[in-house]
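Here is how the chains run, residue by residue.
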Amino acid sequence: MRIAEISSPELRPSHGDPQNHLLTQIESSIKRLESQSPPAEALSSDLRLSLTQLKSLSPYSNSVKVNIWKLSYRLWNACVDLSNASGVKSNDEHAKLRQVSADLLFLAADVTGIPSPAFKSASFFYKTGVIWHDLRKFDLASSCFEKATDLISDVDTASISDLEERKLLLNLNIARSRTAWEVADRNIAITLLNRSKTVLFGSAENYCGLASQYLIFGKTILARNEVASVADALKLMNEALDLCERGLRIVKRSDESLGLKELKSKTLRFIAASHLQTDDFESVLKCVRVLRDGDGDSDNHPSLSVLAMKAWLGIGRFEEAEKELRGMVVNKGIPEAVWVSAVELYFQAVGTAGAETTKGIFLGLLGRCHVSAGAATRVVHRVIGDGVGSEGSKVRAKVVAELVSDDRIVALFAGDAAKERTAMHSLLWNCAADHFRSKDYETSAEMFEKSLLYVPHSTENRILRAKGYRVLCLCHLGLSQLKRAEEYIDEAEKLEPNIACAFLKFKIYLQKNEHDRAVTQVQSMSACLDFSPDFLSLSAHEAVACHALPVAVASLSVLLNFYSSGKSMPTSEVVVLRTLVTILTRDPLHDSEVLKYMKQAHARLSELGTDGFFGKGEVGTRERNWFAVQSWNIGLRTGKEKNYELSWNFYMMASEFYGAVVDGEMDGNNVMVCKSLILAVAAKIADEKERNATLIETEVRQAIELLDRTRKILLSCSAGPQPNIDQTTNIEPYFFFVHTLVAYDLYSRLSDTGCQQLHLIKTFASSKSCNPRYLLQIGLISSDGPRSNLEVATYALNTCLSSLLDSQSPDYGSVAQIMRKLISLSAVYKADTDDDAVYGMYRQAYRIMVGLKEGEYPIEEGKWLAMTAWNRAALAVRMGPASAAMKWMDIGLELAGKVQGMQTYQSCMEDFIASFKEKCKATNAN
């Protein structure tokens, strides 16, 4: 504000006087200031320089002091005019100019002829200090306040009658206190406030100003939220309250006491808040009662209900807290923010038990005042709480569902409340999602359904509504409510047909065991615009989990179709085929399907190459071995089940997979290739016998070619030092035997391979893999059937016999079997031409039996030898010659003597021989 000009005669300075010359410069600068807006920054510097020079020329005459006084006032009023003209608060430049004005006036503070010059100079410093304080230049402000205090420190306060001067004393102390508080000199600040009590002078305005400052300091301390500092805040607030009460006792006029009463109520409310911060709930309630029960001036401030409710909640009297809360519903003067905050606080304290009350109170508020959508969102957020993990989350969700589905609540979000509508939808959606993750599908479905109330039926929100229908479908799938799930996904598909809808439909068909529809759905997925092959893999996993193996197979089969196009796929083709085979091998009835996909894998292997199909390094080796082992195992199982055709095919697949070269190496799999081919040919021959069919010549030669591939491997392994130890570098003797056996069978079918049969057997017999048991089987097989070979059989049996007799513990059962077979063969093929050869075999048998323990040679075989040898003499006995008859009867008798249990036969034989000899003598005598 402008300060009135000093009425005094204008003194014109003489040009020779340096004081007056400086005053002229100052006046010139002030004129420039009065004509400029805004002032130049150099102006304050010029004035400050002139002021400094003027100080050095003291003392001053009274006329000079009066002139200084006048110039100071002109400068001050010019600053006021500039500030008013700019319409903004003072800046640093304005403050500097005012500081010059105050310092200029200070030079003439002891002027005569002007009333109360010290107070007027102190007033300039006070007002300049306030400006510096507002600019947060607290050191400059403090300097101004201290100069002002020094100017009036010698004045007797009791003698001051001017109200403005009294007010200056109080304001100066309060201003110094505020500045000290800002620089954290708290003790000085409180001391200055206490000192101010001596200059109140019975004015209501003074009491109100000082009490307000006490309250401001108390609020500042309280805002720190530190329990330890609440006592200090209370002390300051009680000082403010005491000042208000003192002022009310002194002030009589109602218009003057009104401000004090309002400040007293405000102070009491903050005192109650302070007690609440220290959990002194009884003191809070006392403050509230004092405020409400005032003598005709009861306080109905909205915060009282909140304070009272918090206090009742603090002491556990929830019914009283609920009354306070319900009272707020009736009080139409309570702002929305206050009652919404109160509802939040009540529910936070009471928890789930207060959910119904909260809902009722909130719905009651809708009837008495306008409730905003934002308020509804805040209440819902508070009732929902911290998610599924919080106490009573299911009950909370139920209350929220009832609240948000009320038509009055939904109506709040109609129209332009897009932001609030989005917030409410997000709250309900997130709550539903939390319950879904905890597998509470019923609550989740209800909350998702309510969230759709806050999604407008517009084209812009079509995708959001479709998303809501899809998650509702998932919820009802979790509840096994398949019909409702299908209804929701149908609605979602109408709004946004995409791969997610197609997949969810597939899940529904799976759970309804409608496998044909599920397969159809899988086949139609690729038509979706946002189709991804990942959904086919996911469909296969879902089908396996539901034990719907045909559906899983169909899903993976469709997925396989995308690999031939050469597109980049998330899963390698070999993994898909491996998964298919794994699924199908769960049921032996699907062996034909397994073979189909094994052949497909082999075909892709041929197209892409080993590294391209299986992969490189250890991964490729592992994949190759998996397919090879699976083929081998299935071939082995189907062979045991006498399904020899499948066995042949699987063994052929095994040989192909084992023969695949990964990173340029077979890892010793040539042995497994050899084994697979041998067993494949064996299965082919077994299938022929099983079907009672005959292999055509091309098939026979194809089988022989396969065996020829194995011959080099067999020969190299046969020459090894340890044929039975390491299968990765050696082949078990059994496979040599099978190879020999099937090769003999195949050679016997062709007219140009007769000589190869005996060579084959001789080669096997000379190998380290040969043993008597294998030779015996070869001998027996080659001696019987339509393609028997006497030469091979005789060689095999004789070699086997020699091997048995050379051993330390011969197997005389096998020896006896061989002897009988050799004798039978000789009897059939040589009896008419070489009787001595047959006799020699009997004689060999006798020599074998000599020296054996009783029963060591099979008794039945011994009896057979003795009886057949004796019976061979029958023809010679009747027709001669007698020497031939005696030869066979003698060997028969000798053999009978080595067989336990033939003593009776032996006696009869001896009697017959004696009789026959007598008869021969009689015949010769005649």
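Residues numbered from 1 in each chain as written. Predicted model: local features only at pLDDT ≥ 70, side-chain atom pairs only at ≥ 80, totals over all residues. Heavy atoms only, no water.

Caption draft 1: Highlighting the overall build of the protein chain. Looking only at helices and strands, the protein chain has 44 helices and zero strands in total. Scored against the burial criterion, the 926 residues of the protein chain give a buried share of 48%. When contacts within the protein chain are restricted to residue pairs at least 6 apart in sequence, those whose partners lie at least 24 apart make up 65%. With the model as given, the accessible surface of the protein chain reaches about 45,100 Å², and the carbon-plus-sulfur share is 51%. (Helix = DSSP H or I, 4+ residues; strand = E, 2+ residues; numbered from the N terminus. Buried < 20%, exposed > 50% of the residue type's maximum accessible area, 1.4 Å probe, protein only. Contact = heavy atoms within 4.5 Å. Areas by Shrake-Rupley, 256 points an atom, 1.4 Å probe, with all protein chains shown as cover.)

Caption draft 2: Spatial organisation of the pattern of salt bridges. Per the counting criterion, the structure on display carries 36 salt bridges. Between D103 and K147 there is a salt bridge, with its nearest N and O atoms 3.6 Å apart. Of the two residues, D103 is situated in helix 4 (residues 92-107) and K147 in helix 6 (residues 138-152); the sequence distance between them amounts to 44 residues. Overall, the relative accessible area of 6% leaves D103 in the buried class. Exposure remark for K147: the relative accessible area of 32% places this residue in the partly exposed category. Here E491 and K494 are joined by a salt bridge, their closest N and O atoms 3.3 Å apart. (Salt bridge = Lys/Arg side-chain N within 4 Å of Asp/Glu carboxyl O.)

Caption draft 3: Spotlight on helix 8 (residues 186-196). Within the span of helix 8, buried status applies to A189, I190, L192, L193 and S196. For helix 8, the angular spread of buried residues about the axis comes to 160°, placing them on one side. Next to the buried residues of helix 8 lie helix 7 (163-182), helix 9 (204-222) and helix 10 (230-250). (Arc of directions from axis to C-beta.)

Caption draft 4: Here's a closer look at the environment of T459. By the element assignment, T459 lies in the loop between helix 21 (441-451) and helix 22 (462-478). T459 sits in the exposed class, given a relative accessible area of 62%. As a C-alpha pair, T459 and L495 span 36 residues in sequence and 9.3 Å in three-dimensional space.

Caption draft 5: Examining the confidence of the model for the protein chain more closely. Averaged over all residues, the pLDDT of the protein chain is 83; the fraction at 70 or higher stands at 89%. Note that residues 5-16 has pLDDT below 50 and, in this model, 14 contacts with residues that lie over four places away or in other chains. Note on residues 721-729: pLDDT is under 50 here. Beyond four places in sequence and across chains, it has 13 contacts. (pLDDT = per-residue confidence, 0-100.)

Caption draft 6: Quick peek at the nonpolar core. Counting 152 residues, the largest nonpolar core has L54 and V380 as the members making the most contacts within it. Once residues lying within four places of it in the same chain are set aside, the contact partners of V380 are V400, L403, V404, M424, L427 and L428. The next biggest cluster of nonpolar side chains, apart from the first, holds 140 residues, and it includes V553, V673, C770 and C800. (Core = buried A, V, L, I, M, F, W, Y, C linked by side-chain atoms within 4.5 Å.)

Caption draft 7: Structural view of the packing of helix 9 against helix 10. Direction vectors running N to C along helix 9 and helix 10 enclose 165°, while the axes themselves pass 8 Å from each other. With respect to helix 10, the element helix 9 is oriented roughly antiparallel. For the pair helix 9 and helix 10, the crossing hand works out as left-handed. Across the interface between the two elements, Y207, L210, A211, Y214, L215, F217, G218, K219, I221 and L222 from helix 9 touch V230, D232, A233, L236, M237, E239, A240, L243, C244, R246, G247 and I250 from helix 10. Broken down by class, the residue content of the contact of helix 9 with helix 10 amounts to 16 nonpolar, two polar and four charged. (Axes fitted to C-alpha atoms, helices over the stretch in contact; angles between N-to-C directions. Parallel < 35°, antiparallel > 145°, perpendicular 65-115°, else oblique. Left-handed = near helix turned anticlockwise from the far one by under 90°. Nonpolar A, V, L, I, M, F, W, Y, C, P; charged D, E, K, R; others polar.)

Caption draft 8: How the structure looks around unusual backbone geometry. At K439, a position not held by glycine, the phi torsion is positive, near 65°. With respect to the secondary-structure elements, K439 resides in the loop between helix 20 (418-437) and helix 21. In the Ramachandran plot, N692 falls in the positive-phi region, its phi being about 55° despite a non-glycine side chain. The topology assignment puts N692 in the loop between helix 33 (670-691) and helix 34 (697-718). N692 gets classed as exposed once you look at its relative accessible area, which sits at 72%.

Caption draft 9: Layout of helix 43 (residues 882-897). Counted at 1.5 Å a residue, the expected span for helix 43 with its 16 residues is 22 Å, and the 22 Å between its end C-alpha atoms agrees. Turning to helix 43, its buried residues number three or more, namely A885, M886, W888, M889, I891, G892, L893, L895 and A896. (Expected span 1.5 Å × (residues − 1).)

Caption draft 10: Structural view of the packing of aromatic side chains. If you walk through the whole model with that rule in mind, you get 27 aromatic pairs. Aromatic pair F413 and Y454: ring centres 5.0 Å apart, planes at 85°, arrangement edge-to-face. Remark: Y454 occurs in the loop between helix 21 and helix 22 and F413 occurs in the loop between helix 19 (407-412) and helix 20; sequence separation between them is 41 residues. Arranged with centres 5.5 Å apart and planes meeting at 75°, the rings of W632 and Y651 form a pair that is edge-to-face. Here the residue W632 occupies a position in helix 31 (residues 617-640), and Y651 occupies one in helix 32 (residues 644-658), the gap between them amounting to 19 residues. Take W632: its relative accessible area is 13%, and that puts it in the buried class. (Phe/Tyr/Trp six-rings, centres within 6.5 Å; stacked < 30°, edge-to-face > 60°.)

Caption draft 11: Region of the structure containing the side chain of R465. Position of R465 relative to the elements: it lies in helix 22. One buried charged side chain, R465, makes no salt bridge at all; its nearest oppositely charged neighbour is E491, positioned 7.9 Å away. Within the structure, the side chain of R465 is placed 3.3 Å from the backbone oxygen of L452, a separation counted as a polar contact. In this view, R465 contacts L452, V455, P456, H457 and L495; residues no more than four positions away in its chain are not counted. (Lys, Arg positive; Asp, Glu negative; His and termini not counted. Polar contact = N/O pair within 3.5 Å; in protein donor to acceptor, adjacent residues only side chain to side chain.)

Caption draft 12: Main features of the packing of helix 22 against helix 23 (residues 482-495). Where helix 22 contacts helix 23, the axes come no closer than 8 Å and their chain directions differ by 165°. Classified by the angle between their axes, helix 22 and helix 23 sit roughly antiparallel to one another. For helix 22 against helix 23, the interelement crossing comes out left-handed. From helix 22, R462, R465, A466, Y469, R470, L472, C473, H476 and L477 reach across to helix 23, where they touch L482, R484, A485, Y488, I489, E491, A492 and L495. Split by residue class, the contact of helix 22 with helix 23 holds 11 nonpolar, one polar and five charged.

Caption draft 13: Focus on the environment of L679. Structurally, L679 is set in helix 33. Note on L679: relative accessible area 13%, which makes it buried. A sequence separation of 44 residues divides L679 from G635, and the C-alpha atoms of the two residues are 8.8 Å apart. If near-sequence neighbours (up to four positions away) are discounted, L679 is found in contact with W632, Y651 and F735.

Caption draft 14: Summary view of the side chain of S767. Relative to the helices and strands, S767 resides in the loop between helix 36 (754-765) and helix 37 (772-783). Judged by its relative accessible area of 17%, S767 falls in the buried class. A distance of 2.6 Å separates the side chain of S767 from the backbone oxygen of F764, its partner in a polar contact.

Caption draft 15: Representation of the environment of V522 within the structure. You can see V522 is positioned in helix 25 (residues 515-524). Counting along the chain gives 37 residues from V522 to L559, while the straight-line C-alpha distance between them is 9.7 Å. What V522 contacts, discounting residues up to four positions off in sequence, is F506, L536, S539, A554, S555 and V558.

Caption draft 16: Representation of the state of the cysteines in the model. This structure, assessed with the given rule, holds zero disulfides. Left without a disulfide partner, C473 is nearest to the cysteine sulfur of C501, which lies 8.3 Å away. In this model C800 remains outside any disulfide bridge; the closest cysteine sulfur is found in C770, 8.1 Å from its own. Its relative accessible area of 1% is what places C800 among the buried residues. (Disulfide = S-S within 2.5 Å.)

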